[in-house]
Amino acid sequence: MVTIRADEISKIIRERIEQYNTEVKIVNTDTVLQVGDGIARIYGLDEVMASELVEFEEGTIGIAWNLESKNVGVVLMGDGLLIQEGSSVKAIRRFAQIPISEAYLSRVINALAKPIDGRGEISASESRLIESPVLGIISRRSVYEPLQTGLIAIDSMIPIGRGQRELIIGDKQTCKTTVATDTILNQQGQNVICVYVVVGQKTSFVAQVVTTLQERRAIIYIYIYIYIYIYIYIYIYIYILKE
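Report on the accompanying structure. The shown structure was predicted, so the numbers you read here are calculated from the model rather than taken from an experiment.

About the thresholds
Think of each chain on its own: its residues are numbered from 1, step by step along the sequence as written. Reporting in this predicted model follows two pLDDT cut-offs: at least 70 for local features of residues, and 80 or more for side-chain atom pairs to be given and counted; totals over whole chains, interfaces and linings ignore these cut-offs and use all residues. To obtain the side-chain values, all non-hydrogen atoms of the structure were included, while hydrogens and water were left out. Within this document, salt bridges are pairs made up of a side-chain nitrogen of Lys or Arg and a carboxyl oxygen of Asp or Glu, the two lying within 4 Å of each other. Secondary structure elements are taken from DSSP: a helix is a run of H or I of four residues or more, a strand is a run of E of two residues or more, and numbering for both begins at the N terminus. With a 1.4 Å probe rolled over the protein chains alone, any residue whose accessible area is under 20% of its type maximum counts as buried; one over 50% counts as exposed, and the rest are partly exposed. The way it works is a 1 Å grid over only the protein atoms, where trapped points that fit a 1.4 Å probe form a cavity and open points with protein on both sides within 12 Å along at least five of seven lines form a pocket, and then any residue with an atom within 4 Å of a point lines it. Grid points are joined across faces, edges and corners, and a volume is the space filled by probe spheres set on the points. Under this grouping Gly is polar, as are all residues other than the nonpolar Ala, Val, Leu, Ile, Met, Phe, Trp, Tyr, Cys and Pro and the charged Asp, Glu, Lys and Arg. Surface patches are defined over residues having more than 30% relative accessible area and no salt bridge, joining like charges when they lie within 9 Å and nonpolar side chains (Val, Leu, Ile, Met, Phe, Trp, Tyr) when within 5 Å. Throughout, the Shrake-Rupley method with a 1.4 Å probe supplies accessible areas, and for residues the shown protein chains are the sole cover considered. Should any heavy atoms of two residues lie within 4.5 Å, those residues are considered in contact. By this rule, a helix spans an expected 1.5 Å times one less than how many residues it contains. The reported arc concerns the directions from the helix axis to the C-beta atoms and nothing else.

Moving on, we come to the pattern of salt bridges. Under the counting rule described, the total for this entry stands at six salt bridges. Note that Glu-68 is salt-bridged to Arg-41, the shortest N-O span being 3.6 Å. Taken together, the residues Glu-68 in the loop between β4 (61-67) and β5 (71-76) and Arg-41 in strand β2 (residues 39-43) connect sequence positions 27 residues apart. Residue Arg-93 pairs with Glu-52 through a salt bridge whose shortest N-O separation is 3.9 Å. Of this pair, Arg-93 sits in strand β6 (residues 88-95) while Glu-52 sits in strand β3 (residues 52-56), and the two are 41 residues apart along the sequence. Note on Arg-93: relative accessible area 46%, which makes it partly exposed. Glu-52 sits in the buried class, given a relative accessible area of 1%. The network of salt bridges with shared partners includes Glu-47, Glu-52 and Arg-93.

What follows is the structure, encoded as structure tokens:
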């Protein structure tokens, strides 16, 4: 017959009481109403805020974008092929942000800043919100230094300065990509960091651009964002920053 010892039972009860955690975790969870074309419409999520990240049941991350009275429009940061009507989704209480590090130079990353070039993870100690306030016009330094694109027609007739925004617009097959890549290639040795953002393009196109930059040794001062599954009003643009 097993002998029950009161001191052992008392010891176990005390240990369980000491380990008991009274912390309550509240999760804002609701269901998917509709999904398609990179957008999911969620019923509920009453407490979610604009640009806040949400996580779907199968692991896809999204950004709360369109806040309405009865539903929330979420931009998918992935293919979302496994997301179905009725799937659960929860807010993760974190806003969309991007890591900051010089290690991103020469790397190809996706919309979540995860490397997709097969060269391992990227270490970063700091991050910055995507929706961050920008400096006012008075606080900015005036454009004082030219940025040479390497295209004589542009540099002579429509000169561009460092820190200036310039739109490349035109129909398909009008060499918009060529203008952008030639401008990047011409920044070699000019102390300029280039960020190339690709939206809604095929993987073959991305591979071709990366190969061109690698062959011309321009990949060392550029990093590339790949937005394969996000269909918003941007097509292709190049954003050039002075280091």
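On to the layout of surface pockets, then. Considered as a void within the structure, the second largest pocket measures approximately 370 Å³ in volume. As for the second largest pocket, its lining consists of 22 residues, and the residues nearest its centre are Arg-94, Gln-97, Pro-99, Leu-112 and Lys-114. Broken down by secondary-structure element, the contributors of at least two residues to the lining of the second largest pocket are β4, β7 (97-100) and β9 (126-129). Among the elements that line the lining of the second largest pocket, the one with the most residues is β7, at three residues. When the residues that make up the lining of the second largest pocket are grouped by side-chain class, the tally is 15 nonpolar, three polar and four charged.

Together, Ile-9, Ile-13 and Ile-17 line one region of the surface with nonpolar side chains, adding up to about 290 Å² of accessible area. Summarising the element assignment, Ile-13 is placed in helix α1 (residues 6-19). Classification of Ile-13 by relative accessible area gives partly exposed; the value is 47%.

So, about the environment of Arg-94. As for its position among the elements, Arg-94 is in strand β6. You can call Arg-94 partly exposed: its relative accessible area is 41%. Separated by 40 residues in sequence, Arg-94 and Val-54 have C-alpha atoms that sit 8.2 Å apart. Apart from residues lying up to four places away in sequence, Arg-94 is in contact with Glu-52 and Leu-53.

Compared with an ideal rise of 1.5 Å per residue, which puts 13 residues at 18 Å, helix α4 (residues 203-215) spans 18 Å between its outermost C-alpha atoms and is within 8% of the ideal. For α4, the set of buried residues is Phe-205, Val-206, Val-209, Val-210 and Leu-213. In a view along the axis of α4, the buried residues occupy a sector of 130°, so they form one face of it. In α4, the exposed residues that point more than 90 degrees away from the buried face are Thr-203, Ser-204, Gln-208 and Glu-215. Backbone geometry just downstream of α4 places Arg-217 in the positive-phi region, at approximately 55°.

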